[in-house]
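Reading the structure
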Amino acid sequence: MLVGLDIGGTKIEGVALNNTDHNITARYRVATDKSSYDCFLNSVSNVIEKLKAHGDIDSLGIGCCGSVGLDGLMQGANIAVLNGRNFLEDLRNLFDHPVHIANDADCFALSEFSTGAAKHTNNSCVALIIGTGCGAGIILNGGLVTGLNNLGGELGHNPLPHFQPNQDGQVFTCYCGSKNCIESFVSGTGYSRTFSEKYFSASCEEIMQLYRDGNKQAIDHFELYCDQLARVCGSIVNMVDPEVIVLGGGMSNVNEIYPRVNAKLIQYTFSKQVRTQIVKNQNGDSSGVIGAALLPLKNM
Ligand SMILES: [Zn+2]
């Protein structure tokens, strides 16, 4: 069986998939112990041991916050004790199985490509997370593109295309040090931030409620948001030209996004004949953990 773990700052979730149709045969979840690296490793081991009771493990895939640096050490994880550690090597020492690791966006892409909204495609999709942050996973020729520097899909920290202060608001410096990062506008955090900058402080849910109540400011802001997202998707098409772009994360649950962004897409693509569809994910909260389990099959 294929085992996948989705490791986040709050919980560690594990699943076992059978080798043939990749259905989930077991699922287990624990709180993430962040008190020390050894305690953290112990909680990861516990999940794997529990899943082992359901069959022989053929491979282990890990979807994890943060990323693996070129030196093999973890970086940028919101589990502080994990940063600077060679997590992959420690796992390989603990378990006698092949171990693969990727970030949440890559796992999301694999999951949707294999069993979700992009499973009907021939060989390509881009999965874009618009949640607390913004990142993407790229599938080309049926495989995950991680890249030479493990930076494939990190488009959340490219600048917002066609940024103009009179429509998009003030220049904003991201925590990464760059200005006007895509994440600062199209993530849920960005959607709320830009609304609050222009009008008054409100959460994403509050803005969407105002929008549905016919509030003019919320309508204007949502139309701007869909335009910004269409610019991002247009850049993806111009660069990768995938068959579909699958949206995930909290903002992907706003159904009004899809007709608007699909209609605006051709304004921002080089050719005005575009077949790429922007669609909602199908695997929801299970995307990360299913994609993690499939990592050994799809890594390029
Ligand atoms: Zn940034």
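Everything below is about the structure shown above.
Remember, it's a predicted structure, so these values are computed and weren't measured experimentally.

**Section: the overall build of the protein chain**
For the protein chain, the count of helices and strands is 10 helices and 12 strands. For the protein chain, whose C-alpha radius of gyration is 20 Å, the value lies close to the compact-globule estimate of 19 Å for 300 residues. By principal-axis analysis of the C-alpha atoms, the protein chain measures approximately 55 × 40 × 35 Å. Among the 300 residues that make up the protein chain, the fraction classed as buried is 51%. Of the contacts made within the protein chain by residues no fewer than 6 positions apart, 62% connect residues no fewer than 24 positions apart. Accessible surface, the protein chain as shown: approximately 13500 Å² in total, 49% of it carbon and sulfur. Looking at the protein chain, you have 21 positive and 29 negative side-chain charges, and the mean spots of the two groups are 5 Å apart.

**A look at the environment of Glu13**
Residue position: Glu13 is located in strand β2 (residues 11-17). Since its relative accessible area comes to 2%, Glu13 is described here as buried. The spacing of Glu13 and Phe40 is 27 residues in sequence and 13 Å in space, taken between C-alpha atoms. Those residues in contact with Glu13 that sit more than four places away from it in its chain are Gly4, Leu5, Asp6, Arg27, Tyr28, Arg29 and Val289.

**Considerations on the nonpolar core**
Among the nonpolar cores identified, the biggest contains 38 residues, and Leu128, Val186, Phe222, Tyr225, Leu229, Leu247 and Ile257 are the most heavily contacted of them. Excluding anything up to four places from it in sequence, Phe222 contacts Tyr191, Met208, Tyr211, Val254, Glu256, Ile257 and Arg260. Core analysis: the next-biggest nonpolar cluster, separate from the first, contains 31 residues, Ile79, Phe87, Leu91 and Ile101 among them.

**What about the coordination of the zinc ion?**
Within the protein, the zinc ion binds to His157 (ND1), Cys174 (SG), Cys176 (SG) and Cys181 (SG); these donor distances fall in the range 2.0 to 2.3 Å. Around the zinc ion sit four donor atoms; with metal-centred angles ranging over 104 to 116 degrees, the donor geometry is tetrahedral. Within one chain, the residues donating to the zinc ion are spaced in sequence as H-x16-C-x1-C-x4-C. You can see His157 sitting in the loop between β10 (143-144) and α4 (165-168) and its partner Cys174 sitting in the loop between α4 and α5 (183-186), a full 17 residues away along the chain. The partly exposed category is assigned to His157, whose relative accessible area is 23%. Its relative accessible area of 6% is what places Cys174 among the buried residues.

**Notes on the packing of helix α1 (residues 37-52) against helix α2 (residues 87-94)**
In the contact formed by α1 and α2, the axes pass within 12 Å of each other and the chain directions differ by 55 degrees. As the angle between them shows, α1 and α2 are arranged oblique. Our pair here, α1 against α2, has a crossing hand that is right-handed. Residues Tyr37, Phe40, Leu41, Val44 and Ser45 of α1 pack against Phe87, Asp90, Leu91 and Leu94 of α2.

**Thoughts on the pairing of strand β1 (residues 2-7)**
By the criterion of burial, β1 is predominantly enclosed, with six of the six residues buried. Across the two faces of β1 the burial is the same, with Leu2, Gly4 and Asp6 and Val3, Leu5 and Ile7 all buried. As defined by bridge partners, β1 adjoins β2 across six bridges and the pair is classed as antiparallel. In the strand pairing of β2, Leu5 is matched with Gly14. Connecting β1 to the next strand, β2, in antiparallel fashion are three residues.

**A few points about the sheet that holds strand β3 (residues 24-31)**
Here five strands make up an open sheet; going across it, the order is β3-β2-β1-β4-β7 and the pairing mixed. The open sheet has two edge strands, β3 and β7 (99-102), and neither has a second partner. On average, each strand axis in the sheet is inclined to that of its neighbour by 15 degrees, with strand direction left out of account. Pairing analysis gives seven bridges linking β2 to β3, with the strands arranged antiparallel. Directly across from Val15, in β3, lies its bridge partner Arg27.

**Things to note about helix α3 (residues 104-115)**
For α3, spanning 12 residues, the distance from its first C-alpha to its last is 16 Å, which sits close to the expected 16 Å at 1.5 Å a residue. Most of α3 is tucked away, with nine of its 12 residues classed as buried. Within the sequence span of α3, burial applies to Ala105, Asp106, Cys107, Phe108, Ala109, Leu110, Ser111, Glu112 and Phe113. The opening residue of α3, the one whose side-chain oxygen lies 3.1 Å from the backbone nitrogen of Ala105, is Asn103.

What counts and what doesn't
- Residues numbered from 1 in each chain as written.
- Predicted model: local features only at pLDDT ≥ 70, side-chain atom pairs only at ≥ 80, totals over all residues.
- Heavy atoms only, no water.
- Helix = DSSP H or I, 4+ residues; strand = E, 2+ residues; numbered from the N terminus.
- Rg over C-alpha atoms; globule rule 2.2 N^0.38 Å.
- Buried < 20%, exposed > 50% of the residue type's maximum accessible area, 1.4 Å probe, protein only.
- Contact = heavy atoms within 4.5 Å.
- Areas by Shrake-Rupley, 256 points an atom, 1.4 Å probe, with all protein chains shown as cover.
- Lys, Arg positive; Asp, Glu negative; His and termini not counted.
- Charge placed at Lys NZ, Arg CZ, Asp CG, Glu CD.
- Core = buried A, V, L, I, M, F, W, Y, C linked by side-chain atoms within 4.5 Å.
- Donors = N, O, S within 2.8 Å, 3.2 Å for Na, K, Ca; no water.
- Tetrahedral: all angles 85-135°; square planar, octahedral: opposite > 155°, others 65-115°.
- Axes fitted to C-alpha atoms, helices over the stretch in contact; angles between N-to-C directions.
- Parallel < 35°, antiparallel > 145°, perpendicular 65-115°, else oblique.
- Left-handed = near helix turned anticlockwise from the far one by under 90°.
- Pairing = 2+ DSSP bridges.
- Expected span 1.5 Å × (residues − 1).
- Polar contact = N/O pair within 3.5 Å; in protein donor to acceptor, adjacent residues only side chain to side chain.

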